[in-house]
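Reading the structure
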Amino acid sequence: MSTESLRIVWIYPDLLSTYGDRGNALILARRAQLRGMPVEVLEVRSDQRLPATADIYLIGGGEDGPQALGAQRLIADGGLHRAVAQGSVVFGVCAGYQLLGTSFFAKGAKYAGLELLDIASDRGPSRAVGELAGEVDARLGIPYLTGFENHGGRTHLGPGVSPVARVTAGIGNDGATEGAWRGKLLGTYSHGPALARNPALADLLLRWATGAHQLPALDDTWAERLRSERRAAVAAARA
Amino acid sequence: MPMRAKVASSVSRTAAALSRAAGRGDGSVIGGWIGLKIDPDLLAHLSAGRAIALVSGTNGKTTTTRLTAAAVGVLGRVATNSFGANMPTGHTSALAKAGSTPYAVLEVDEHYLAQVLEATDPHVVALLNLSRDQLDRAKEVAMMAQLWRAALVRHPDVRVVANADDPMVVWAATPPADPAQGHIPPKVTWFSAGQRWHDDSWVCPECGATIQRSGDQWWCTGCPLRRPAPQWAVEDDGVLDPTGAWHKIQLQLPGRVNLGNAATALAVAAEFGVRPVDAVSRLGTVTSVAGRYAQVDRDGRNIRLLLAKNPASWLEAFDMADEAPTLLSINARDPDGLDTSWLFDVDFAPLRGRQVLITGDRAYDLAVRLDVNGVPFQHVRSFDEAVRAVPPGRLEVIANYTAFQDIRAELDRVN
């Protein structure tokens, strides 16, 4: 960790917070606090400079216009690139995932991304809306991914990244894989408060940020019930 | 009315009556659906000769429509879709059922405003607010504002009553004038009903710059868009009218949000010539609206029903609810939207210190949310279990759409 307390930056909530994205910041802060870690959450709006010294950066979902504007401002700001160079953790969701790549489509035009992940996004034949589930890359050491997706893009992965999961329900990147990660950067189409349904993913980000190999277990009774219920609902929909 | 429209209208009424008699619903949609199949222009035919007000927005439509109908009732009989059936089938059914009336006040789903403006040629349209609601299938807020704006440009004669506190509404209600194209800006009467929810209007819909707020005021930092001075406003427990006169409002509906709805109703009624002094007593006759705010006594508990469908309306519900045991119920069926992510846009902290019970199809989503929010709760499997779990006295029930309807059914479809 860079300072005494764990610093979490929520990037541009004024632009990229379409539906419950605040949840990811709340969940990380809560899970850190329950382990006795002091936490600081900074909400950095798009007219403010991005601090380059935080431990975890969160980028949420958004509509086409705000996504394009957000990418332009992040490129001009340069803070996120400096933070990544210093080993910070970045978690991008939906539009925030796409803009970490080399390019994405918004409002019918192609926009340059931040080039932090080796991915490129374009428009799919239809909007992907519904439950999303997948078996996670074993190297990440966390159980299955569950979420809700709502996006029109399709994302193509280059050799510089690995998919987060193999899709078992929904579309994700392209119907076969979901999300992408390299080092301490991870993006997903599981939108909104993705970490609410995936507490192990929240803890993975916290371990990346703190360097801890293990964190004390928490009571995740309700999250586990939610995960089981969603898994059963997806299975029932398929049957 | 043309013969085809007469037949369609009559069949529509019969179908609605059959639907009610069969216990399959309140008949407010099926009748209109059949009528429109026989005569696609039926809504226009049924609207002709009536002075009509449309009420649209994300939240408060049903209640404001009910209050407006009560206020306009000063002048004569009013047709209205009081069951919240707010699409053209519902409007058709409501007008057919009402027969000939000089006035109509219609609640309109925000997605259908352009279509209903076209069909009904209203005298006035009230624009309440725009915020996020069921984004897995609904339009984004900015796109919705754009659709309203485009619709108003095509109807320069309609009088607009709009919320000065919502930047999205103000922008939608003030399309640019282009005399060369024959575009005249609509005549707008502004009301201030307050806005607790700001998270969908930080970015200017006109220029993309940041919107600043201070007290009641808001302004764009990049262009001239700013809060217009309202002619109607809530002040203390009453409403200020454009002449500066203050009218005490005694409602049977709870919360400051309903005072705002009352101010809106008086402003809309004034466009028909209703004096607020004549209408205020009628507002107090509205007790509940399609089950919303209804109170039912059961086993010594006084159960009050509050509907909350999206983040903005949850904030309002917490404001209305008493400091009493509270049951929260969440579903995610088609009418609710399938996505529960919005739960994290709501801060449930106001419930700390109250006994909180949760239920519904998606109680576990709510459980995870409350856990993160530091709000202790108890999960119950049924409405009956909830009633038994609280002491005698008030039980507040806050539920989203289908969860609300389920509980209403348990209480014999209370209105």
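Residues numbered from 1 in each chain as written. Chains lettered and ligands numbered in written order. Predicted model: local features only at pLDDT ≥ 70, side-chain atom pairs only at ≥ 80, totals over all residues. Heavy atoms only, no water.

**Examining the pairing of strand β2 (residues 39-44) of chain A**
One face of the sheet, then the other: side chains in a regular strand alternate in exactly this way. Residue and element names in this part refer to chain A. Sheet topology note: the strand β1 (residues 6-11)/β2 ladder contains 6 bridges and is parallel. Following the sheet pairing, Ile11 is matched in β2 by Val44. Handedness of the crossover joining β1 and β2 through helix α1 (residues 22-34) is recorded here as right-handed. (Pairing = 2+ DSSP bridges. Helix = DSSP H or I, 4+ residues; strand = E, 2+ residues; numbered from the N terminus. Right-handed = clockwise from strand over helix to strand, strands pointing away.)

**Remarks on the interface of chain B and chain A**
How big an interface is tends to be stated in terms of accessible area lost as the parts join. Counting residues at the interface gives 30 residues for chain B, matched by 32 residues for chain A. The junction of chain B with chain A conceals about 2600 Å² of combined surface from both sides, 58% of it contributed by carbon and sulfur atoms. Linking chain B with chain A are 1 salt bridge. For Arg362 of chain B, the salt bridge identified is with Glu229 of chain A, shortest N-O distance 3.6 Å. Across the chain B-chain A interface, the total number found is 4 residue pairs in polar contact (both at pLDDT 80 or more). (Contact = heavy atoms within 4.5 Å. Buried area = accessible area lost by both parts, 1.4 Å probe. Salt bridge = Lys/Arg side-chain N within 4 Å of Asp/Glu carboxyl O. Polar contact = N/O pair within 3.5 Å; in protein donor to acceptor, adjacent residues only side chain to side chain.)

**Some details on the nonpolar core**
Leu80 of chain A together with Trp314, Leu328 and Phe348 of chain B are the most contacted members of the largest nonpolar core, which totals 132 residues. The residue makeup of this core includes at least three contributed by each of domain 1 (3-283) and domain 2 (295-410) of chain B. Apart from residues no more than four positions distant in its own chain, Leu80 of chain A is found in contact with Ile11, Leu50, Tyr57, Ile59, Val90, Leu100, Leu114 and Leu116 of chain A. Of all hydrophobic cores here, the second largest spans 43 residues; its members include Val141, Leu152, Trp171 and Trp190 of chain B. (Core = buried A, V, L, I, M, F, W, Y, C linked by side-chain atoms within 4.5 Å. Buried < 20%, exposed > 50% of the residue type's maximum accessible area, 1.4 Å probe, protein only. Domains from an automatic or database assignment.)

**Description of the domain arrangement of chain B**
All names here are of chain B. Per the domain assignment, the segments making up chain B are domain 1 (3-283) and domain 2 (295-410). Here the C-alpha centre of domain 2 lies 28 Å away from the C-alpha centre of domain 1. On the side of domain 2, 18 residues touch domain 1, which itself brings 15 residues to the contact. Carbon and sulfur atoms make up 51% of the area that domain 1 and domain 2 hide from each other, which totals about 1400 Å². At the surface where domain 1 touches domain 2, the tally comes to 0 salt bridges.

**Quick notes on the packing of aromatic side chains**
A complete count under the given rule lists 10 aromatic pairs over all chains for this structure. An angle of 35° between the planes, with centres 5.9 Å apart, marks the rings of Trp314 of chain B and Trp342 of chain B as tilted. Residue Trp314 of chain B is located in helix α11 (residues 311-320), and its partner Trp342 of chain B is located in the loop between β14 (326-329) and β15 (356-359); the two are separated by 28 residues in the primary sequence. Here Trp314 of chain B falls in the buried class, since its relative accessible area comes to 0%. Accessibility expressed as a relative area gives 4% for Trp342 of chain B, which makes it buried. If you follow Arg227 of chain A out to its NZ or CZ, it ends over the ring of Tyr144 of chain A, 4.2 Å from the centre. A cation over an aromatic ring shows up here: Arg231 of chain A above the ring of Tyr144 of chain A, its NZ or CZ 3.7 Å from the ring centre. (Phe/Tyr/Trp six-rings, centres within 6.5 Å; stacked < 30°, edge-to-face > 60°. Lys NZ or Arg CZ within 6 Å of the ring centre and 35° of its normal.)

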